[in-house]
Amino acid sequence: MMKRRFTYLFVLALAACTTETLLPSEMTEETQEYTSVRMSLPPAVFDDCPETKNEALLGSSISYVWSATDTVGIFPGAGSQIYFSMATGAGQTSAKFDGGGWALKKGSDYYSYFPFVPDFYIDKRAIPVTFVGQNQTGNGDPTHAYLGNYCYMVAKGVADEATGSLFFNYERVGVLFRIRIPVQAGVYTSLSVRVSDKILAESGTIDAVNITKTIDDPVYTDKITLSLNDLVMQSDGTLVGFLMLPPFNVLGSQVNFELIKEDGSVVIASAVGKNFVLGKTYDNAPKFSVGPVTSEIDAEGGSVSFDIHSSGTSSYTVASDAEWLVLTSEPTSGSAKVIAKASANTGKPRTAHIIVSETVTLNGSPVVLDNVITVTQNNSGLNIGVGDWESGEDQGGVAS
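Residues numbered from 1 in each chain as written. Predicted model: local features only at pLDDT ≥ 70, side-chain atom pairs only at ≥ 80, totals over all residues. Heavy atoms only, no water.

S.K.: Before we move on, can you summarise the overall build of the chain with the specific residues and values?
M.R.: When you go through the chain residue by residue, the secondary structure sums to one helix and 33 strands. Relative to its 400 residues, the chain shows a buried fraction of 48%. Contacts in the chain between residues at least 24 apart in sequence constitute 67% of all its contacts with a sequence separation of at least 6. For the chain, the computed accessible surface area is about 17600 Å², with 49% contributed by carbon and sulfur atoms. (Helix = DSSP H or I, 4+ residues; strand = E, 2+ residues; numbered from the N terminus. Buried < 20%, exposed > 50% of the residue type's maximum accessible area, 1.4 Å probe, protein only. Contact = heavy atoms within 4.5 Å. Areas by Shrake-Rupley, 256 points an atom, 1.4 Å probe, with all protein chains shown as cover.)

Below, the structure is given as structure tokens:
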């Protein structure tokens, strides 16, 4: 399997792999009816603008086209898969694929899927899919995104009598997120999409025959991560990532985005939740990000600060949920540094939260998005957890 690389488009190329089927000399004139196939991707909806397939041209919309090295898998109604490779049409949304020495029997049903899996014995009703391991190099540039392994598609063949070939109109089994987050200058190592419950199918199978476009036998998680390969933001700006996901529904809730920086600190952002349906693309653009998401204050008390980095159009509220942690500034819009001051702690270790909230409107109703900073304070100047101390183990210090 080849790794996709990009010129200016999302190139989703796969290497061909030999499989066994009838040789041309073993076929009758009737069985050689179809010697090529045409694959086409109709426009799909991008939340509020259109998209198509395979390599993506970005503007106000995204479109996909075929790459010269793409290979597709084709199953007959009964029997094992055959592979067809690109013949003509590279750079277009519709392309002709050729079986080389292989031909397709007239009168049989045929089913296709992409990307191709080089396994002769693969089950057409259980083609493996995974959304784990995605990566991107560079910021906001589709030439740096590698989505080919994750753009899962299926189609049933329809006879095209005019050309004597089979026509496959693919349907996508996945959701493309374009995530745009305002951030400060720095080096970022990963970007994750996180939800409150384990409802994201990180892996499973798809059925190329019964095209229900669902993920079967799913393994669920609450987070799927895109590696950013030490993406460098030279100045404050917008970090843009592309991530393929399974369909999921968080309507009325929120989606959280977690950015990990080179020093291990975490920056968070959030967007309004929707029913993210397969075949569509979503432009998730939080108006601000907050970080770091955790801070620690020693027993004597003191101050801790965190940053709000804004696109400049957002308004929000900032609040502490504990009396012992008081905010010395409470901005309501724009980028800001917020300082919280803690009193001395003579009791047990304690935890408080600083909550940055934004109210957005969904279908005419308000939805509150909360971005939470966790602040901890111990009671001895040591990083001692209550559970560890109560276990009776020697912690290397004396609690006051």
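S.K.: How would you summarise the side chain of His 309 if you had to cite specific residues and measurements?
M.R.: Structurally, His 309 can be placed in strand 28 (residues 302–310). Side-chain polar atoms of His 309 contact the backbone oxygen of Val 183, separated by 2.9 Å. Residues in contact with His 309, not counting those within four places in the same chain, are Pro 182, Val 183, Gln 184, Asp 236, Gly 237, Lys 287, Phe 288, Ser 289 and Ser 335. (Polar contact = N/O pair within 3.5 Å; in protein donor to acceptor, adjacent residues only side chain to side chain.)

S.K.: Summarise the sheet that holds strand 29 (residues 317–320); cite the residues concerned and give the values.
M.R.: Read from one edge of the open sheet, four strands run 27-33-32-29, paired in mixed fashion. Both outer strands of the open sheet, strand 27 (294–297) and strand 29, are each paired with one neighbouring strand and no more. If you compare each strand with its neighbour and ignore which way they point, the axes differ by 25 degrees on average. (Pairing = 2+ DSSP bridges. Axes fitted to C-alpha atoms, helices over the stretch in contact; angles between N-to-C directions.)

S.K.: Talk me through unusual backbone geometry; I want residue IDs and the actual numbers.
M.R.: Looking along the chain, the bond that leaves Phe 114 and enters Pro 115 is cis, with omega of 0 degrees. Structurally, Pro 115 can be placed in the loop between strand 9 (110–114) and strand 10 (127–130). Here the residue pair Gly 291 and Pro 292 is connected by a cis peptide bond, since its omega of -5 degrees sits within 30 degrees of zero. Position of Pro 292 among the secondary structure elements: in the loop between strand 26 (288–291) and strand 27. Positive phi, close to 50 degrees, is recorded for Asn 229, a residue that is not glycine. Topologically, Asn 229 is positioned in strand 19 (residues 223–233). Not every positive phi belongs to a glycine, and Asp 230 is a case in point at roughly 55 degrees. Here Asp 230 lies in strand 19.

S.K.: Before we move on, can you summarise the nonpolar core with the specific residues and values?
M.R.: Trp 66 and Phe 177 are the most contacted members of the largest nonpolar core, which totals 74 residues. Not counting residues within four places of it along the chain, the set of residues in contact with Phe 177 comprises Val 193, Gly 241, Phe 242, Leu 243, Leu 245, Phe 248, Phe 257, Phe 276, Tyr 282 and Asn 284. Judged by nonpolar contacts, the second largest core, of 24 residues, contains Val 290, Leu 325, Ala 336 and Ala 340. (Core = buried A, V, L, I, M, F, W, Y, C linked by side-chain atoms within 4.5 Å.)

S.K.: So what's going on with the environment of Lys 124? Residues and values would help.
M.R.: Within the secondary structure, Lys 124 sits in the loop between strand 9 and strand 10. For the pair formed by Lys 124 and Ile 74, sequence separation is 50 residues and the distance between their alpha carbons is 9.0 Å. Contact partners of Lys 124, with chain neighbours within four places excluded, come to Phe 75, Pro 76, Gly 77, Gly 79, Ile 206, Asp 207, Ala 208 and Val 209.

S.K.: Please provide a residue-by-residue account of the layout of surface pockets, values included.
M.R.: In this structure, the largest pocket spans a volume of roughly 300 Å³. Lining of the largest pocket is provided by 19 residues; of these, Ala 271, Val 272, Ala 285, Pro 286 and Val 360 occupy positions nearest its centre. Looking at the lining of the largest pocket, the elements that each hand over two or more residues are strand 23 (266–272), strand 25 (281–284) and strand 32 (350–362). Here the residues of the lining of the largest pocket are counted per class, giving eight nonpolar, six polar and five charged. (1 Å grid on protein atoms, 1.4 Å probe; cavity = no way out; pocket = protein on both sides within 12 Å on 5 of 7 lines; lining within 4 Å. Points joined across faces, edges and corners; volume = space filled by probe spheres on them. Nonpolar A, V, L, I, M, F, W, Y, C, P; charged D, E, K, R; others polar.)

S.K.: I'd love a proper account of the packing of aromatic side chains, names of residues and values included.
M.R.: Inspection of the entire model under this criterion finds 13 aromatic pairs. Between Phe 288 and Tyr 316, the ring centres sit 5.1 Å apart and the planes meet at 50 degrees, which makes this aromatic pair tilted. Placement of the pair is Phe 288 in strand 26 and Tyr 316 in the loop between strand 28 and strand 29, with a sequence separation of 28 residues. Of the two residues, Phe 288 and Tyr 316, neither departs from the other in class, the shared state being buried. By the ring-pair criterion, three or more aromatic residues cluster together here, those being Trp 66, Phe 97, Phe 114 and Tyr 170. (Phe/Tyr/Trp six-rings, centres within 6.5 Å; stacked < 30°, edge-to-face > 60°.)

S.K.: Explain the pairing of strand 1 (residues 36–40) to me, and be specific about the residues and the numbers.
M.R.: Across the five residues of strand 1, four count as buried, placing the element largely inside the fold. Where strand 1 lies against strand 8 (residues 94–98), five bridges are found, and the strand directions are antiparallel. Bridge pairing links Arg 38 to Lys 96 in strand 8. Both strand 1 and strand 13 (residues 165–169) contribute to a ladder of four bridges, which runs parallel. Residue pairing across strands places Ser 40 opposite Asn 169, the latter belonging to strand 13.

Scope: geometric values only; no functional claims are made or implied.
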